[in-house]
Amino acid sequence: MTDGAAAVRQAILKVFTRKHSLSLTPDALSFLLSILVPLNPSPTDLSHMLETLATAYLKQDDCASIVDAHALERVYRSLEVTEHTGEGLDALDDEEAADVDPRHYLHVVDAFDMPRWHYSAEKKMFERDDTPPSIAGSAKSRSLLWRDRYNIIKQTVLRNEHFSPPAVGGRDRGEYMKITSTKNLLGRQGQRFMLFGMLSQTQDGRYALEDPDGRVPLDLSDMMPGEGIFTEGSLVLVDGTYDFDDSLTGGESSPIFRVLGLGHPPSEKRTVSRSIYGHIDFLGIGGTSLKDEAAYTRIESALDHIGFVVISDLWLDHAATIDSFRRMLEGYEAAWDTFRPLMFILCGNFSSKPVGVSPTAVREYQDNFHAFADLLASFPTLLAACTFLFVPGPHDPWSGSTSSTLPRPPIPDHFAARVKQRVPGARFASNPCRLKYFSQEIVICRDDLMSRLLRNAVRVRELAGQGAEEEGGDLKRYLVQSVMDQGHLSPLPVTTRPILWEFDHALRLYPMPTAVILADRYERYELTYEGSHVFNPGSFVSDNFSWTVYRPASGEVEVSELAPEYW
């Protein structure tokens, strides 16, 4: 460290640590050094800059005694705008907003870096768990993940107008739908109830409903399912009557709940959740106040030339795929003045076949990434301005017995090293991962979710009598509704779909994201559900080398493809 950098470091510690009792993480200290050392300020100016930064940080709603780099960078960018305009972000006019560099407001959030938040039903609030999560997990963490899923969804259900009793008693008080606990069914046979809990199976193979107070077997013979795909592990609302079943061997009767109606819980729009929990930093990069979020929305609209290019199943061992991808990059570089992809979201599988552990397979996979790094390096305009995000798929290392476990770590550095070396904007993230772009939260998940849910479906609403196109459209809508209403990327039992118990929070979709990319080998679709944009870009190989572009300014999803003569 040079003498100048050492002096700056001492000044930083004097202002932040000694004066304001703030502890800087190594990343936060490195960030301050990176912006202050090149300026070579005088001791007086340096002290003034640091005091301004520390004071602005302490005014943030989410300020903490331990200062991380993300929160500090957000404060610094806001001060930059204030110095330029004389006022804050909300004072930018359209021309000034269009000049904001969006790269400073784009963050990739890895699933393994997200903080853990548990919902306390007693306190009716989220509480942060700072205990380092373990990949191995414990028996307690398995039960805790189900309790968290249940409590988070139930608090949104009880806030819904159809389930919330009127504040003032009156004749309408009895018209809302009241949820009953399984323990309150005893001795009330023949009566009708609404239950909320998790679909499961008993040891004798019968379906049952579980809540924190107990379990009741279900009779689904007369059930009318609502819209959506219902699987074991789903949290559902059940309408029916409590009765006794006399059909068991030996003439013994046992309690049973005869289901008349089955439905997913109502979801909650992002704006509603943000109005309640907007102060909580679910992503671990610093919270965004509602005031800043409104300003960010205006900037997003002004940057209408920005887009995210999304590709799934980019097979690096497939010559036609690589050639088509090269032609696509040529097109974007040629059209740079009219449309600028801020990020290329490249989802696996990056191989046409599962990558094993044999030396030959490993070497071939590594060589493919080396060649791909050379390809990207041949487009200097895109290389200088774009981020290339790599999200692993089921066939990517390491596949095998753990291939279906979520979340999956990024592609190992053994394969990614050359890409990182030659592509400054390359990021290798977990599956799933998230993006924070100004006010927007974008979730990216690579999973063959449609086939997985249909294989494990308890019931799907009857689609008979419809054409193939209409039936496919309904299934896509049912899939999106099921995932969003469940508020989770894997609404299945952990025995069917293994997950890392102590990282279950990284699979949540609460608060509802701005956009969700469900990259699947199933055919392409795009839907807007409760204000959230959900889409599947389809398979780059299977769909005639086509891809999807997400425009954050408008929320529109566009399908792009190469002309047939380039296939």
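Predicted model only: the values in this text are computed from it and were never measured.

Re the sheet that holds strand 3 (residues 106-110)
Part 1 of the argument: Spatially, 3-18-19-21-23-22 is the arrangement adopted by the 6 strands of the open sheet, whose pairing is mixed. One side of each edge strand has no neighbouring strand; the edge strands of this open sheet are strand 3 and strand 22 (525-529). Within this sheet the neighbouring strands show an average axis-to-axis angle of 15°, counted without direction.
Part 2 of the argument: As judged from the 5 bridges shared by strand 22 and strand 23 (residues 532-536), these two strands associate in the antiparallel manner.

Digging into the packing of aromatic side chains
Part 1 of the argument: Taken as a whole and assessed by the stated rule, the structure comprises 32 aromatic pairs.
Part 2 of the argument: With a centroid separation of 5.8 Å and an interplanar angle of 75°, the aromatic rings of Tyr332 and Phe344 are classed as edge-to-face. Taken together, the positions of Tyr332 in helix 9 (residues 319-334) and Phe344 in strand 15 (residues 340-347) put the pair 12 residues apart, joining distant regions of the chain. As far as the burial class goes, Tyr332 and Phe344 line up, both buried.
Part 3 of the argument: Centre to centre, the rings of Phe369 and Phe428 are 6.2 Å apart; their planes meet at 55°, and the pair counts as tilted. Placement of Phe369 in helix 10 (residues 359-377) and of Phe428 in strand 17 (residues 426-428) is noted, with a sequence separation of 59 residues between them.

Concerning the layout of surface pockets
Part 1 of the argument: If you add up the space inside the largest pocket, you get close to 960 Å³.
Part 2 of the argument: Considering the residues around the largest pocket, the lining is formed by 37 residues, among which Asp68, Pro115, Arg128, Asp281 and Gly284 are closest to the centre.
Part 3 of the argument: Of all the secondary-structure elements, those providing two or more residues to the lining of the largest pocket are helix 4 (69-85), strand 3, strand 4 (116-120), strand 5 (125-129) and strand 17.

Observations concerning the environment of Gly284
Part 1 of the argument: Tracing the backbone through its elements, the reader meets Gly284 in the loop between helix 7 (270-277) and helix 8 (290-302).
Part 2 of the argument: Residue classification places Gly284 among the partly exposed positions, given a relative accessible area of 24%.
Part 3 of the argument: On a C-alpha basis, the gap between Gly284 and Ala71 in space is 9.2 Å, while along the polypeptide they are 213 residues apart.
Part 4 of the argument: Once you skip the residues sitting within four places of it in the chain, Gly284 turns out to touch Asp68, His70 and Pro115.

A closer look at the environment of Gly261
Part 1 of the argument: Structurally, Gly261 can be placed in strand 13 (residues 254-263).
Part 2 of the argument: According to the relative accessible area criterion, Gly261 is buried, its value standing at 18%.
Part 3 of the argument: Separated by 39 residues in the primary sequence, Gly261 and Asp222 have C-alpha atoms spaced 8.5 Å apart.
Part 4 of the argument: If near-sequence neighbours (up to four positions away) are discounted, Gly261 is found in contact with Met224, Leu237, Val238 and Asp239.

Description of the pairing of strand 24 (residues 546-551)
Part 1 of the argument: With respect to burial, strand 24 is a largely interior element, 6 of its 6 residues being buried.
Part 2 of the argument: In terms of strand pairing, strand 14 (residues 306-312) meets strand 24 through 3 bridges, oriented antiparallel. Note that in strand 24 the partner of Val310 across the bridge is Thr548.
Part 3 of the argument: Both strand 24 and strand 25 (residues 556-561) contribute to a ladder of 6 bridges, which runs antiparallel. Its bridge partner lying in strand 25, Val549 is registered against Glu558.
Part 4 of the argument: Connecting the antiparallel pair strand 24 and strand 25 is a turn made up of 4 residues, with Gly555 showing a positive phi of about 80°.

Quick word on empty space enclosed by the protein
Part 1 of the argument: Applying the stated criterion across every chain yields a total of 7 cavities of 30 Å³ or more.
Part 2 of the argument: Around the largest cavity, the lining comprises 16 residues; the ones closest to its centre are Arg270, Arg274, Ile280, Leu283 and Lys436.
Part 3 of the argument: No other element matches helix 7, which puts 3 residues into the lining of the largest cavity.
Part 4 of the argument: Along the lines of polarity and charge, the residues of the lining of the largest cavity split into 6 nonpolar, 4 polar and 6 charged.
Part 5 of the argument: Space inside the second largest cavity adds up to approximately 150 Å³.
Part 6 of the argument: Along the wall of the second largest cavity there are 13 residues; nearest its centre are Arg74, Tyr105, His107, Tyr296 and Lys436.
Part 7 of the argument: Counting residues per element, the lining of the second largest cavity draws most heavily on helix 4, which supplies 4 residues.

Topic: the environment of Tyr522
Part 1 of the argument: Take Tyr522: it is sitting in the loop between strand 21 (515-519) and strand 22.
Part 2 of the argument: For Tyr522 and Leu39, which are 483 residues apart along the polypeptide, the C-alpha to C-alpha distance reads 52 Å.

Regarding the packing of helix 1 (residues 3-19) against helix 2 (residues 26-36)
Pairs of packed helices are described in terms of their axes, by the angle between the two and the distance that separates them.
Part 1 of the argument: Taken N-terminus to C-terminus, the directions of helix 1 and helix 2 make an angle of 125°; their axes are 10 Å apart at the nearest point. The angle between helix 1 and helix 2 falls in the class oblique. Regarding helix 1 and helix 2, the two cross each other, and that crossing is right-handed. Note on element contacts: helix 2 touches helix 1 through Leu29, Leu32, Leu33 and Leu36, opposite Ala5, Val8, Arg9, Ile12 and Phe16.
Part 2 of the argument: Grouping the constituent residues of the contact of helix 1 with helix 2 by class yields 8 nonpolar, no polar and 1 charged.

Some thoughts on the pattern of salt bridges
Should their charged atoms come close, side chains of opposite charge can pair.
Part 1 of the argument: Counted under the stated rule, the structure contains 34 salt bridges.
Part 2 of the argument: For Asp448, the salt bridge identified is with Arg521, shortest N-O distance 3.4 Å. You can see Asp448 sitting in the loop between strand 19 (440-446) and helix 13 (449-455) and its partner Arg521 sitting in the loop between strand 21 and strand 22, a full 73 residues away along the chain.
Part 3 of the argument: Of the residues examined, Asp448 reaches a relative accessible area of 11% and is grouped as buried.
Part 4 of the argument: Through salt bridges that share partners, Asp313, Arg446, Asp448 and Arg521 make up one connected network.

Topic: the pairing of strand 21
Part 1 of the argument: Of all 5 residues making up strand 21, 5 are buried, and the element is well covered by its neighbours.
Part 2 of the argument: Covered by surrounding structure in strand 21 are Ala515, Ile517 and Ala519 together with Val516 and Leu518, the residues of both alternating faces.
Part 3 of the argument: The pairing of strand 19 with strand 21 spans 5 bridges and is parallel. Across the sheet, residue Ile444 finds its bridge partner in strand 21, namely Ile517.
Part 4 of the argument: Here 3 bridges tie strand 21 to strand 23, and the two strands are oriented parallel to one another. Looking at strand 23, one finds that Ile517 is bridged to Phe535.

Each value, and the rule that gives it
Residues numbered from 1 in each chain as written. Predicted model: local features only at pLDDT ≥ 70, side-chain atom pairs only at ≥ 80, totals over all residues. Heavy atoms only, no water. Pairing = 2+ DSSP bridges. Helix = DSSP H or I, 4+ residues; strand = E, 2+ residues; numbered from the N terminus. Axes fitted to C-alpha atoms, helices over the stretch in contact; angles between N-to-C directions. Phe/Tyr/Trp six-rings, centres within 6.5 Å; stacked < 30°, edge-to-face > 60°. Buried < 20%, exposed > 50% of the residue type's maximum accessible area, 1.4 Å probe, protein only. 1 Å grid on protein atoms, 1.4 Å probe; cavity = no way out; pocket = protein on both sides within 12 Å on 5 of 7 lines; lining within 4 Å. Points joined across faces, edges and corners; volume = space filled by probe spheres on them. Contact = heavy atoms within 4.5 Å. Nonpolar A, V, L, I, M, F, W, Y, C, P; charged D, E, K, R; others polar. Parallel < 35°, antiparallel > 145°, perpendicular 65-115°, else oblique. Left-handed = near helix turned anticlockwise from the far one by under 90°. Salt bridge = Lys/Arg side-chain N within 4 Å of Asp/Glu carboxyl O.

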